[in-house]
Amino acid sequence: MSGAAGGQGGGGGRGPRGRRPWKLLALVLLPVSSVLAAAPGAGAMSKEEKRRLGNQVLEMFDHAYSNYMEHAYPADELMPLTCRGRVRGQEPSRGDVDDALGKFSLTLIDTLDTLVVLNKTKEFEEAVKKVIKDVNLDNDIVVSVFETNIRVLGGLLGGHSVAIMLKEKGEYMQWYNGELLHMAKELGYKLLPAFNTTSGLPYPRVNLKFGVRHPEARTGTETDTCTACAGTLILEFAALSRFTGTSVFEEYARKALDFIWEKRQRSSNLVGVTINIHTGDWVRKDSGVGAGIDSYYEYLLKAYVLLGDDSFLERFNTHYDAIMRYISQPPLLLDVHIHKPMLNARTWMDSLLAFFPGLQVLKGDIRPAIETHEMLYQVIKKHNFLPEAFTTDFRVHWAQHPLRPEFAESTYFLYKATGDPYYLEVGKTLIENLNKYARVPCGFAAMKDVRTGSHEDRMDSFFLAEMFKYLYLLFADKEDMIFDIEDYIFTTEAHLLPLWLSTTNQTISKKNTTTEYTELDDSNFDWTCPNTQILFPNDPMFAQSIREPLKNVVDKSCPRGISRAEESLGSGPKPPLRARDFMASNPEHLEILKKMGVSLIHLKDGRVQLVQHAVQAASSLDAEDGLRFMQEMIELSSQQQKEQQLPPRAVQIVSHPFFGRVVLTAGPAQFGMDLSKHKAGTRGFVATIKPYNGCSEITNPEAVKDKIALMQRGQCMFAEKARNIQKAGAIGGIVIDDNEGSSSDTAPLFQMAGDGKNTDDITIPMLFLFNKEGNIILDAIREYEAVEVLLSDKAKDRDLEMENMDQKLSENDSHKQNSEEATSASQDVGAVSEEPEGGENSVTDPDSLSSAHADSDSVSISNQDSCVPGTDEASALEPACMQGDHQPQEQETETESNSKVNWDNKGQPMESILADWNEDIEAFEMMEKDEL
């Protein structure tokens, strides 16, 4: 979540700074018009089409905002599938995600300045009055300092900024007297106790009523925080100080930034993901531009733009040089180890890095911004949304998508910088996908699994705060706005702070606290204020020429990042062997393994064991390649363990009035029809069987024949239920959990196991729904009687023709559709459930790969064939590059990493190598436990 108005800023050069840094931002508009003028035939979108899309964004915002106000306010967030508000403590805990909720009407505060950007000034005035009247900031509740700062404090300051602007214009907000600013100051004081540490880094959480380390605070025992959590405060805290004249807020935020800068890894100039708030030691030593670090970099550059302090720009340039040197592997951005930055720390990327192209636009480095953005767009075109994490060969790593706005943000800034109408078409795709796949009757629902199209019962506040803001600005012309957006800078939550704050209440003496800063020899940044006349000299097709080679990067190629060792030494005759390319039967691969000190042992059970003895490597460089190879093997094993499990299935309600808008994630069965091999799925009306448990002969076969049978879990084996309904003529079955309140939101989905006997006689599909999801179907039956569903491996496109016809027929029908609300998808299939005679118990499936997570020295993986670019268009569920037989089932490879490193070489001393080895293993074990 990031951005800066105008898409411009200080480049790497030591150019003009000081009292009016916002002058840097205004330059972007001039070159945009020059580019468009130079390329009248470049397929520009018509003004009518832009206006139509802008109006569509407004309608979508109204749909989301009105449903929040009607069904959720004053709760913090809307649950769009069940049409109610999410109140912390009344819903099952979601862990750290709930730390953003503080019973302070989060979504309304986060949306305030969005209302003004979208020209909804009357609604804004009403919303401000509600916030002033209803919101209480003195709740006994523990909240995230980071989330409360960017969403609530930022939302109040953004609301105050546009409120005083409207008041000055003379039509609206004439009654306003700084009430939002008073609330912001109150909240600021409530966050200050978190900074009571020797380092100046804040605790990650604070109790709004009792602070930190108070007997009733229930917080203050934490030792770690993320870099972004501590480094994403300066804009809001400095703005609060400048607005109020109270310097303490800016002082605390600067101290935290100073400490992080001093603790950077000096040889690489990178920072880790998490840091000890008391000692300053790096807890997680991997570094990237995604989750955990992202907005720290963003706020260094934007603090320079807003505050005019040279030290922030110098720090950013130092970090940016390191990012482009080590992390950037165009078009990829891959995490590395801060102490050994030439070694990749993981083989996947998280979706939060989608903000980075927008920040590169602000920096003025357009080429890599275009490359990474295009790569991300290709992933979106494959999966409809950006998965929370995806691998370097563009397979889904984490399947969720909580409607994050970072990609829309970067799209907006690239359009502002280039004027290329291509980015308008990208924005149009985003709008279409949101309406087609995420829109539900009560708002927009997050995607639980982009592969199946199933939903999650959440609509985060940032969706209203950022997504609609960036999409509207993408299509809006200057005359569509009631104020000049170039007079403001965007915070990481897209809240607006006026640039005139740089000259107001400068209570902090601007002294350069950056130490050991050296001028960077980087010819890419020899300008101060980037503009398109320099970036794209006489070539309006510049951006297209960069994008073109990446058009097929997801579907038809297997990009391999260049080895850092290879990059630093120059191109060698052969690149290092990658784990995903390894074939145990390839003599050339075995020779490479031997050179890296890796030996291959055939075990009696048919498996192959890989053991590395670094002392046997040909050189220290080969030993490092061997270590990287072994680490890749470990991560590949973990990834394949997930892939070998049966993927989740989908139950889609397709009858009136749902028409496919409601998608429930279902657990598969280890018997019956394999829906992945029957793309059409099984479609039919549902019927409840008698007896409901399905454990004896069905007594209402006439109601079940040619229908999809609904039954309750319990009292007998799943396979027995399947045989009974199949005998009664059912074409499919759905088993509903009997555990009241169970939900895929809070429990891992599992596969329904057989009964230990031959189950080939079961030919119908069987799926499992948790109680919450199952009740949605049961409620629909009570409301509409005839309910038709589709059982499939993934959600199908909605029946838009029938939906449009129905809308015309029911134009004046005000019948309330409470049962339309959908449910959320599941987490990855994690366990196999068996049902003994006396009842049912869920047990974890014994898997020979499960030990890989526990010990980084030993791992079992499936044998891999080399990665060959595919020629056919792969489905959304298939990897872009088919490796071997998809799911190899016979030969397994076990790799073992021996941490004893000792060779006679003129390279590093043995002690240093041993220390590096242990740090690498420690860092990898930490990453295995990592969650976004």
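About the thresholds
- Residues numbered from 1 in each chain as written.
- Predicted model: local features only at pLDDT ≥ 70, side-chain atom pairs only at ≥ 80, totals over all residues.
- Heavy atoms only, no water.
- Disulfide = S-S within 2.5 Å.
- Buried < 20%, exposed > 50% of the residue type's maximum accessible area, 1.4 Å probe, protein only.
- Salt bridge = Lys/Arg side-chain N within 4 Å of Asp/Glu carboxyl O.
- Helix = DSSP H or I, 4+ residues; strand = E, 2+ residues; numbered from the N terminus.
- pLDDT = per-residue confidence, 0-100.
- Contact = heavy atoms within 4.5 Å.
- Core = buried A, V, L, I, M, F, W, Y, C linked by side-chain atoms within 4.5 Å.
- Pairing = 2+ DSSP bridges.
- Axes fitted to C-alpha atoms, helices over the stretch in contact; angles between N-to-C directions.
- Phe/Tyr/Trp six-rings, centres within 6.5 Å; stacked < 30°, edge-to-face > 60°.
- Lys NZ or Arg CZ within 6 Å of the ring centre and 35° of its normal.
- Parallel < 35°, antiparallel > 145°, perpendicular 65-115°, else oblique.
- Left-handed = near helix turned anticlockwise from the far one by under 90°.
- Polar contact = N/O pair within 3.5 Å; in protein donor to acceptor, adjacent residues only side chain to side chain.
- Expected span 1.5 Å × (residues − 1).
- Arc of directions from axis to C-beta.
- Nonpolar A, V, L, I, M, F, W, Y, C, P; charged D, E, K, R; others polar.

**Some details on the state of the cysteines**
The final tally for this structure, using the stated rule, is three disulfides. Disulfide pairing places Cys226 opposite Cys229 at an S-S distance of 2.0 Å. Given an S-S torsion of about 90°, the disulfide between Cys226 and Cys229 has right-handed geometry. Judged by its relative accessible area of 15%, Cys226 falls in the buried class.

**Here we look at the pattern of salt bridges**
Should their charged atoms come close, side chains of opposite charge can pair. By the definition in use, this model includes 45 salt bridges. A salt bridge links Arg649 to Asp674, with the nearest nitrogen and oxygen atoms 3.3 Å apart. On the criterion of sequence distance, the pair formed by Arg649 in strand 23 (residues 649–653) and Asp674 in the loop between strand 24 (662–666) and strand 25 (682–688) is long-range, its members being 25 residues apart.

**Some thoughts on the confidence of the model for the protein chain**
For the protein chain, per-residue confidence averages 79 on the pLDDT scale, and residues scoring 70 or more make up 73% of the total. When the criterion is pLDDT under 50, residues 809–910 qualifies, and its contacts beyond four places in sequence or with other chains add up to 282 contacts.

**Description of helix 4 (residues 106–117)**
The buried fraction of helix 4 amounts to twelve of the twelve residues, a majority that puts the element mostly inside the structure. Listed as buried for helix 4 are Leu106, Thr107, Leu108, Ile109, Asp110, Thr111, Leu112, Asp113, Thr114, Leu115, Val116 and Val117. Looking one or two residues beyond helix 4, the residue adopting positive phi is Asn119, at roughly 65°.

**Considerations on the nonpolar core**
Ranked by size, the top nonpolar core spans 177 residues in total, and within it Phe124, Tyr297, Leu434, Phe444 and Phe468 carry the most contacts. Broken down by element, this core gets its largest block of residues, eleven residues, from helix 6 (residues 145–169). Not counting residues up to four positions away in its chain, the partners in contact with Phe124 are Leu112, Leu115, Val116, Gly159, Val162, Ala163, Leu166 and Met173. Among the nonpolar cores identified, the runner-up in size contains 23 residues, and Phe671, Val704, Ala728 and Ala747 belong to it.

**Here we look at the sheet that holds strand 30 (residues 788–792)**
In any sheet, the strands associate via hydrogen bonds between backbone groups, in a parallel or an antiparallel arrangement. The seven strands are arranged 24-23-30-25-26-27-29 in an open sheet whose pairing can be described as mixed. The open sheet has two edge strands, strand 24 and strand 29 (766–769), and neither has a second partner. With direction set aside, neighbouring strand axes in the sheet form an average angle of 30°. As paired strands, strand 23 and strand 30 are joined by four bridges and run antiparallel to one another. Within the sheet, the bridge partner assigned to Ala650 lies in strand 30 and is Ser792.

**Comments concerning the packing of aromatic side chains**
For the structure on display, the rule yields 31 aromatic pairs. Measuring from ring centre to ring centre gives 5.4 Å for Phe61 and Tyr65, while their planes differ by 10°; the resulting arrangement is stacked. Of the two residues, Phe61 and Tyr65 both sit in helix 3 (residues 47–71), four residues apart, roughly one turn of that helix. The exposure class assigned to Phe61 is buried, which follows from its relative accessible area of 0%. The ring of Trp348 is capped by Arg346, whose NZ or CZ atom sits 3.9 Å from the centre of that ring. A cation over an aromatic ring shows up here: Arg547 above the ring of Tyr422, its NZ or CZ 3.6 Å from the ring centre.

**A word on the packing of helix 6 against helix 9 (residues 234–244)**
One can describe the packing of helix 6 onto helix 9 by two numbers: an axis separation of 10 Å at closest approach and a directional angle of 40°. Regarding the angle of helix 6 to helix 9, the classification is oblique. For the pair helix 6 and helix 9, the sense of crossing is left-handed. Taking contact as the criterion, the partners of Asn149, Ile150, Leu153, Gly154, Leu157, His160, Ser161 and Ile164 in helix 6 are, on helix 9, Glu236, Phe237, Ala239, Leu240 and Phe243.

**Description of the environment of Asp309**
Structurally, Asp309 can be placed in the loop between helix 11 (294–307) and helix 12 (310–327). A relative accessible area of 3% places Asp309 in the buried class. Separated by 193 residues in the primary sequence, Asp309 and Ser502 place their C-alpha atoms 9.4 Å from one another. Within the local environment of Asp309, its side chain forms a polar contact with the side chain of Arg254, the two groups lying 2.8 Å apart.

**Points about the environment of Ile234**
In this fold, Ile234 is placed in helix 9. By relative accessible area, Ile234 is classed as buried at 0%. Along the backbone, Ile234 and Tyr299 are 65 residues apart, and their C-alpha atoms lie at a distance of 7.0 Å. Sequence-distant contacts of Ile234, that is, excluding residues within four places in its chain, are made with Ala239, Glu250, Ala253, Arg254, Leu257, Tyr299, Ala303, Leu307 and Phe312.

**Let's talk about helix 5 (residues 121–134)**
With 14 residues, helix 5 ought to run about 20 Å at 1.5 Å a step, and its terminal C-alpha atoms sit 20 Å apart, in line with that. Residues of helix 5 that are buried: Thr121, Phe124, Glu125, Ala127, Val128 and Val131. In a view along the axis of helix 5, the buried residues occupy a sector of 165°, so they form one face of it. The exposed set on the far side of helix 5, more than 90 degrees from its buried face, consists of Lys122, Glu126 and Lys133. Packed against the buried residues of helix 5 are helix 3, helix 4, helix 6 and helix 7 (179–191).

**A closer look at the pairing of strand 17 (residues 446–449)**
Both strand 17 and strand 18 (residues 454–456) contribute to a ladder of three bridges, which runs antiparallel. Bridge pairing in strand 18 links Ala446 to Glu456. The antiparallel pairing of strand 17 with strand 18 creates a hairpin that spans four residues between the two strands, and Gly453 there sits at a positive phi of about 80°.

**A look at the packing of helix 5 against helix 6**
For the pair helix 5 and helix 6, interaxial distance at closest approach is 12 Å and the crossing angle is 125°. Of the possible angle classes, the one that applies to helix 5 and helix 6 is oblique. Of the two possible hands of crossing, helix 5 and helix 6 adopt the one that is left-handed. Side by side, helix 5 and helix 6 meet where Thr121, Phe124 and Val131 of the first sit next to Leu156, Gly159, Val162, Ala163 and Leu166 of the second. Among the residues forming the contact of helix 5 with helix 6, the class breakdown is six nonpolar, two polar and no charged.

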